[in-house]
Amino acid sequence: MELKPGSRWKSAVCDAQLVVVRPPSAAGELQCGGAPVLPIDDASAPSGDVSADFAAGVMIGKRYTDAASGIEVLGAKAGKGSLAFNGVAMTIKGAKPLPASD
Amino acid sequence: MRTPLLLDIAADACGDRPAVGGRSGGLDFAAYRARASRVAVWLAGKGKANTAFLGMNGDALPVLLFASGMAGTPFVPLNYRLADADLNKLVARTAPAVLVADDDMLARIAPVDGVELVARSAFEAEFLQGAVPEPVLLDEAENDIAVLLFTSGTTGEPKAAVLRHGNLTSYVMSTVEFLGADEEEAALVSVPSYHIAGISAILTAAYGGRRIVYLPAFTAEEWVATAAREGITHAMVVPTMLDRILDVIAATVETLPALRALSYGGGKMPEPVIARALAMLPHVAFVNAYGLTETSSTIALLGAEDHRAAFASDDPVVRRRIASVGQPLPSLELEIRREDGTCCDVGEHGEIHVRGEQVSGEYLHKKAIADDGWFATNDAGWLDAGGYLFVEGRLDDVIVRGGENISPGEIEDVLRSFDDIADCAVLGIPCEKWGEKVVAVIVSRSGAPDTGAMAATIKAKLRSTKTPEIWFLRDELPYNETGKLLRRILKAELAEEVCAG
């Protein structure tokens, strides 16, 4: 999968939708709920189970990163599965929102 | 990453949320995207390189901006306040282009090869009225230039600042939380489309999930009435607007209970105005933002907490921060540099440099950014020990008197501490002895200012070389419509007066 900035993906096993904000430094697999994510325009509906190891959920508006590869992903729709890159759980980026300025 | 993505993901996540326009008759996010996609198909069919816009604020504007991004044609908003000759020069520079213009502005535009003129009424009838169409899925466009903004051109011909999709989306995504706004939030936009804040307001509102409401053109009365009627929660104003808004609020019983946050920028806010605003609107969070066209809007901001802390503090260092633009955004780097390129110490004045993904630092056919990514802003400023940025104005406005560099800003700050000073400007005018001499232009509330006391205070707080040698009394100072003091015009007038006198 080509994880370009701005590319959109969806979970294969839950309702989560994702946007790649920063690409990984090396090729790898973005996963949600334990399964590889699908391109946003993939016609298939979510099926199968969310892996118990990756069931913390994706929240809308939150950013998720993998420190090793530098990949950063935005939660564009919420879902039950949680994100991983090459099997390593991604962590939520705790950025303090800034006040609106324009 | 491209700007239409911001709208796309918002429309997918909350299509039925209000996005543009009034509480009744506005567009929700799904309709916003659908209508923009139809405009994009139309633009792509025209096959022109650019999409230009000449007109007042309104719902057509954000639809056209996103459509331009979808079609891959840079969006070029034009300044309708320019004289016809200057305006037509810019129109010619947009060719080949589709130019959507307000009906009452059409007659101002001279025919030019390659520019197809479209009346706004026809555009709106075709694309903004009637049943909401199905959205069209377009292939991602190639052109990575999102917006061309003509700089105000106070020196020479206006330059076309280039803002790439990557600059703008980086700015939006690093400063706004996706759908961070709640459904009740609405922003009132009164800055014109040809100002960077008019562009960034559209993008940040879409990504944040906040409805935007337009004032076609600013008047304080209309602003207050619209804010009350539409339950406006957020707005950005320039300094001259805020003062007039407060006058209107003072004269009515309106308290704007829904209003949560007011940001201001685009020029120096006189401290008495912000003090008055804080007192009159205690429920509102004030944010001072500093940015440039070339940096995709805000690069530093002074938040509500900072405002309160500064006003409440007895410590002069903290107190002074009310006149700062706060701290640089965490997503970029900022340095103050000397003329030789080395970094200034805390408190030392120099030129503001900035680096980050939102910084374009680029004009059409001319990159103004260093190879290492740093952009010289041409603004003078300094940082205090806490990292708060003080902007002194354009580097070109620095007065050079007998080899000493003098920033008008610090002298103006001292003057503004006098209750009698309603407004002021400090400038250098040519002088045989010193090269330039310091003069002050003041607007006095009493009409009989005690310039002797003012001079003594400047001398005591700063130094004698910074004390104005001539004082001019004016009824008002010249500003452009976005609140920038027209220093060069003032300077030319004064130089003439001094020569004549």
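The structure displayed is predicted, hence computed values, not measured ones.

## Section: the overall build of chain A
Move 1: A count of helices and strands for chain A gives zero helices and 10 strands.
Move 2: The C-alpha radius of gyration computed for chain A amounts to 13 Å, which stays within 12% of the reference 13 Å derived for 102 residues, consistent with globular compactness.
Move 3: By principal-axis analysis of the C-alpha atoms, chain A measures approximately 45 × 25 × 25 Å.
Move 4: Counting all 102 residues of chain A, 47% fall into the buried class.
Move 5: Within chain A, contacts between residues separated by at least 24 positions form 61% of all contacts whose residues are at least 6 apart in sequence.
Move 6: Distance between charge centroids for chain A: 9 Å, based on 10 positive and 10 negative side chains.

## Focus: the environment of A:Met1
Residue and element names in this part refer to chain A.
Move 1: Here Met1 shows up in the segment before strand E1 (8–10).
Move 2: Residue classification places Met1 among the partly exposed residues on the basis of a relative accessible area of 41%.
Move 3: Distance in space between the C-alpha atoms of Met1 and Ala78 is 21 Å, their sequence separation being 77 residues.
Move 4: Setting aside chain neighbours within four positions, we find Met1 in contact with Trp9, Gly28, Glu29, Leu30, Pro36 and Val37.

## Examining the interface of chain B and chain A
Move 1: In this complex, chain B contributes 30 residues to the contact, which on the side of chain A involves 22 residues.
Move 2: Carbon and sulfur atoms supply 60% of the area that chain B and chain A bury against each other, a total of about 2,000 Å² over both sides.
Move 3: Interface area lost by chain B to chain A is led by B:Met1, B:Glu177 and B:Phe178, which between them contribute 23%.
Move 4: B:Glu357 serves as the salt-bridge partner of A:Arg22, at 2.8 Å between the closest nitrogen and oxygen.

## A closer look at helix H10 (residues 271–280) of chain B
Residues lying three or four places apart along an α-helix face the same way, a consequence of the helix completing one turn every 3.6 residues.
All names here are of chain B.
Move 1: The set of residues buried in H10 consists of Val273, Ile274 and Ala277. One side of H10 holds all its buried residues, which, seen down the axis, span an arc of 95°.
Move 2: The inward-facing, buried residues of H10 contact helix H9 (239–251), strand E12 (261–264), strand E13 (285–292) and helix H11 (304–312).

## Regarding the sheet that holds strand E8 (residues 83–85) of chain A
Move 1: Overall, antiparallel pairing links the four strands, which are arranged E4-E3-E8-E9 (chain A) in an open sheet. Edge positions in the sheet fall to strand E4 (35–36) and strand E9 (88–89) of chain A, since each has one partner strand and no second.

## Remarks on the pairing of strand E2 (residues 17–22) of chain A
It is a general feature of regular strands that their side chains alternate between the two faces of the sheet.
Residue and element names in this part refer to chain A.
Move 1: With five of six residues buried, E2 lies mostly within the body of the structure.
Move 2: Bridge count between E1 and E2: three bridges; the pairing is antiparallel. The partner of Trp9 across the bridge, within E2, is Leu18.
Move 3: Connecting E1 to the antiparallel partner E2 that follows it, the hairpin turn spans six residues.
Move 4: The sheet contact formed by E2 and strand E7 (residues 72–77) spans five bridges and is antiparallel. Its bridge partner lying in E7, Val19 is registered against Leu74.

## Some thoughts on the sheet that holds strand E6 (residues 63–65) of chain A
Move 1: One open sheet accounts for six strands, arranged E5-E1-E2-E7-E6-E10 (chain A); its pairing is antiparallel. Each end of this open sheet is capped by a strand with a single partner; those strands are strand E5 (38–39) and strand E10 (91–92) of chain A.

## Observations concerning the packing of aromatic side chains
The geometry of an aromatic ring pair is captured by two quantities: the separation of the ring centres and the angle between the planes.
Residues and elements named next belong to chain B.
Move 1: Under the definition given, this model contains nine aromatic pairs over all chains.
Move 2: Relative to Phe390, the ring of Trp382 has its centre 4.2 Å away and its plane inclined at 5°; by these criteria the two rings are stacked.
Move 3: Through successive ring pairs, a cluster of aromatic residues spans Phe29, Tyr32 and Phe66.
Move 4: The side chain of Lys159 reaches across the aromatic face of Tyr363, ending 4.4 Å from its centre.
Move 5: Over the face of the ring belonging to Trp434 we find Arg401, whose NZ or CZ atom lies 4.0 Å from the ring centre.

## Observations concerning the domain arrangement of chain B
Move 1: By domain assignment, chain B separates into domain 1 (1–7 + 18–164) and domain 2 (398–501).
Move 2: With centres defined by C-alpha atoms, the gap from domain 1 of chain B to domain 2 of chain B works out at 41 Å.

## Overview of the pattern of salt bridges
Residues and elements named next belong to chain B.
Move 1: Under the definition given, this model contains 40 salt bridges over all chains.
Move 2: Its salt-bridge partner being Asp379, residue Arg394 comes within 2.8 Å of it at the nearest N-O pair. Of the two residues, Arg394 sits in strand E21 (residues 389–394) while Asp379 sits in strand E20 (residues 375–383), which places them 15 residues apart along the sequence.
Move 3: Classification of Arg394 by relative accessible area gives partly exposed; the value is 31%.

## Some points on the side chain of B:Ser190
Residue and element names in this part refer to chain B.
Move 1: For Ser190, the position within the fold is in the loop between strand E9 (186–189) and helix H7 (196–208).
Move 2: Assessed through its relative accessible area of 6%, Ser190 is described here as buried.
Move 3: Residues contacting Ser190, with those up to four places away along its chain left out, are Asn57, Leu215, Phe218, Trp223, Met236 and Met241.

## Topic: the packing of helix H3 (residues 60–71) of chain B against H7(B)
When two helices pack together, you describe them by how their axes are tilted relative to each other and by the distance separating the axes.
All names here are of chain B.
Move 1: Contact geometry of H3 with H7 gives a least axis separation of 10 Å together with a crossing angle of 80°. Taken together, the axis directions place H3 and H7 in an arrangement best described as roughly perpendicular. In contact with Leu61, Pro62, Leu65 and Phe66 of H3, H7 contributes Ile199, Ile202, Leu203 and Ala206.
Move 2: The class makeup of the residues in the contact of H3 with H7 is eight nonpolar, no polar and no charged.

## Focus on unusual backbone geometry
Residue and element names in this part refer to chain B.
Move 1: Cis geometry marks the peptide bond from Ala95 to Pro96, where omega comes out at -5°.
Move 2: Locating Pro96 in the fold gives a position in the loop between helix H4 (84–94) and strand E5 (97–101).
Move 3: Its identity as a non-glycine residue notwithstanding, Asn378 has a phi of 65°, on the positive side.
Move 4: On the secondary structure map, Asn378 appears in strand E20.

## Let's talk about the environment of B:Asp420
Residues and elements named next belong to chain B.
Move 1: Mapping Asp420 onto the fold places it in the loop between helix H13 (408–416) and strand E24 (421–431).
Move 2: Each C-alpha atom, one on Asp420 and one on Ala36, is 51 Å from the other, the two residues being 384 residues apart in sequence.
Move 3: Dropping the residues within four chain positions of it, Asp420 is found in contact with Val443, Ser444, Arg445, Ser446, Gly447, Ala448, Pro449 and Met454.
Move 4: For Asp420, the side chain forms a polar contact with the main-chain nitrogen of Ser446, separated by 2.7 Å.

What counts as what
Residues numbered from 1 in each chain as written. Chains lettered and ligands numbered in written order. Predicted model: local features only at pLDDT ≥ 70, side-chain atom pairs only at ≥ 80, totals over all residues. Heavy atoms only, no water. Helix = DSSP H or I, 4+ residues; strand = E, 2+ residues; numbered from the N terminus. Rg over C-alpha atoms; globule rule 2.2 N^0.38 Å. Buried < 20%, exposed > 50% of the residue type's maximum accessible area, 1.4 Å probe, protein only. Contact = heavy atoms within 4.5 Å. Lys, Arg positive; Asp, Glu negative; His and termini not counted. Charge placed at Lys NZ, Arg CZ, Asp CG, Glu CD. Buried area = accessible area lost by both parts, 1.4 Å probe. Salt bridge = Lys/Arg side-chain N within 4 Å of Asp/Glu carboxyl O. Arc of directions from axis to C-beta. Pairing = 2+ DSSP bridges. Phe/Tyr/Trp six-rings, centres within 6.5 Å; stacked < 30°, edge-to-face > 60°. Lys NZ or Arg CZ within 6 Å of the ring centre and 35° of its normal. Domains from an automatic or database assignment. Axes fitted to C-alpha atoms, helices over the stretch in contact; angles between N-to-C directions. Parallel < 35°, antiparallel > 145°, perpendicular 65-115°, else oblique. Nonpolar A, V, L, I, M, F, W, Y, C, P; charged D, E, K, R; others polar. Polar contact = N/O pair within 3.5 Å; in protein donor to acceptor, adjacent residues only side chain to side chain.

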